Amino acid sequence: MSEAYWGLEQNLKTTPLYKIHNNNRAKLVPFAGYYLPIQYENGIIAEHNHTRNSVSIFDVSHMGQIKISGPMIYDAMEKILPISFSKIAPGQIKYTQFLNSEGKIIDDLMITRAFEEDHVWLVVNADCTDKDLDHLYSNLNKTYKIELIEDRTLIALQGPNSSNILKTFFQEIDDMPFMSADWFNYDNENFFISRCGYTGEDGFEISIKDRYSEKFISKLLQIDGVKLAGLGARNSLRMEAGLCLYGNDISSSVSPIEAGLTWSISKERIENGGFIGYEHIKKDLKNGVERKLVGIKPLGKLPAREGTQIFDKNEKTIGEITSGGYSPSLQAPIAMGYINSDILKNDCEVLLNVRGNLIPAEITSLPFVEHKYFRGNK
Amino acid sequence: MAEIYFTKDHEWIKVEDNIGVVGITVYASEQLGDIVFVELPEEGITAEIGKDIAVVESVKAASEIYSPVSGTVIKSNEDLNSTPEIVNEDPVGKGWFYEIKISNNDELSGLMSEEEYKKHIGD
């Protein structure tokens, strides 16, 4: 059997939750410079389904937490990001991207407008943290302080029961709508809690001081129904939710328009410009793009992974899969990938070249499983 | 009586006379995690020792299976088409992959015994 998962690399970092992972029989794998759990003893499918039906904890401490402060912070950030702070309330989170001068994606991220007017809070992809910091240093002048937060654990609590669990510690979180964030106190420690996630379910990301995180996660795990879930379930959940993975579905050769992320760019900024990559974004929107990210459902049971070529009926290459695997919710293979835009106007039947087998597949819209975000009490 | 041999790549083969049954080990199935698809060899094809003969798709990734011996595939485990999870449940029993008519029994001497394999995986 080919060696996909044995052999651990040296010189990897561990997160403050390493002991908890080991005590819960995690299968640790090298990921973004860390040992992280791909799964625990129940396996990916069980962890995936538990998240959809109840609530799971994910260790996402490898992700970069960055605080940027300085005068006129919103003007400075608007030169780098295609968002409009006049449309973002204090305490609101926005999904956005760092773009290069070609209008391609350096990284995608979450940015929170703090209640204080002097800073913003970012969460970026682990593997991109260094280049993001370089990008920030070269595009913000020295009056801005850029801090990589290295003493805080980040976990995601995801699933329909997540608010019921979390409100036993922080009563006020119950009313927080999706994509909002705030600071809370518990046991004399401060917590930065964001109602967002990467699963399509209601949920929270919780930033906790390293010195307290093991204790807090242990408390969560003592609650009936709260379980740990690993990177494997995180990936199948985000694929079902149709959410892009940096390095797979988006990269520095992909524009947000191709990736179907136009919704995340402020309309006002598209009209007025003034951010890095603007000319290209405007052009892409005006002229259209040659390829688009779509959902793909392979017919049958064989999963089609990233790198799989997509053919038309005449076996001519018309695209490529960028993420693919098995959907535990649909009990069928699912994939995401890029397809030539002109094909999309007509036919939705394609063939996938999986190791020489031509598998018929259907082009679909994303997501595969409906989002269940909490939009507020009505 | 059937004898069982192992490869360093975590396949097993149970041999009786010159017929072998091939599958993956408990260790391999645990490493792979939830198995969702097995691409089996067609009956009648020729297998070569050490060459890829089947593919296991787990939720995590696709992994190739290498034939422990050379020969002709005489049967595939069709139960795996509808219920691939039996590889996780019973990898060295009901979760077998294919049956092979071994062309050269000398190749078996290059494989590991159960004891040697246990040492190999550090058990």
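A few points on the structure. Quick caveat, the model's predicted, so the values are computed rather than measured. (Residues numbered from 1 in each chain as written. Chains lettered and ligands numbered in written order. Predicted model: local features only at pLDDT ≥ 70, side-chain atom pairs only at ≥ 80, totals over all residues.)

**Quick look at helix α7 (residues 231-240) of chain A**
Residue and element names in this part refer to chain A. Inclusion rule: To sort residues by exposure, count the other C-beta atoms lying within 10 Å of each residue's C-beta; 20 or more gives buried, 12 or fewer gives exposed, and values between give partly exposed, all with C-beta atoms placed from the backbone. The secondary structure listing takes helices from DSSP runs of H or I that are at least 4 residues long and strands from runs of E that are at least 2 residues long, numbered from the N terminus. Contact between two residues is assigned when their C-beta atoms, built from the backbone, lie within 7 Å.
Where burial is concerned, most of α7 is hidden: 10 out of the 10 residues are buried. Listed as buried for α7 are Leu231, Gly232, Ala233, Arg234, Asn235, Ser236, Leu237, Arg238, Met239 and Glu240. For α7, the secondary structure elements touched by its buried residues are β1 (27-31), β2 (34-39), α2 (44-53), β3 (55-59), β16 (317-327) and β17 (332-340). Positioned one or two residues after α7, Gly242 has a phi angle of 70°, which is positive.

**Considerations on the sheet that holds strand β11 (residues 189-194) of chain A**
Working definition: the strands of a sheet are paired by backbone hydrogen bonds and lie parallel or antiparallel to each other. Residue and element names in this part refer to chain A. The test is simple: Whether two strands pair comes down to DSSP finding at least two bridges between them. Here the axes come from fitting lines to C-alpha atoms, over the contacting stretch only for helices, and the angles between their N-to-C directions go from 0 to 180 degrees.
Taken in spatial order, the six strands of this open sheet run β10-β11-β12-β9-β3-β13, and their pairing is mixed. The sheet terminates laterally at β10 (181-186) and β13 (226-228), the two strands that pair on one side only. Between one strand and the next, the sheet's axes are offset by a mean angle of 30°, whatever the strand orientation. Across the sheet, helix α6 (residues 210-222) is in contact with β3, β9 (152-158), β11, β12 (203-209) and β13; its angle to β12 comes to roughly 140°.

**What to know about the environment of Phe97 of chain B**
Residues and elements named next belong to chain B. Inspection of the secondary structure puts Phe97 in the loop between α3 (86-89) and β9 (98-102). When the C-alpha atoms of Phe97 and Val56 are compared, they prove to be 9.9 Å apart, with 41 residues separating the residues in sequence. Those residues in contact with Phe97, other than ones at most four positions away along the chain, are Val22, Gly23, Val38, Leu40, Ala54, Ile65 and Asn77.

**Remarks on unusual backbone geometry**
The omega angle of the peptide bond from Leu366 of chain A to Pro367 of chain A is 0°, so this bond is cis rather than trans. Summarising the element assignment, Pro367 of chain A is placed in the segment after β19 (357-364). A positive phi angle, near 55°, is found at Arg25 of chain A, a position not held by glycine. Relative to the helices and strands, Arg25 of chain A resides in the loop between α1 (18-23) and β1. Positive phi values are uncommon outside glycine, yet His10 of chain B reaches one of about 75°. Note on placement: His10 of chain B falls in the loop between β1 (3-6) and β2 (11-16). Among the residues examined, His10 of chain B registers 26 C-beta atoms within 10 Å and is labelled buried.

Read these as layout, nothing more, since geometry by itself doesn't imply function.
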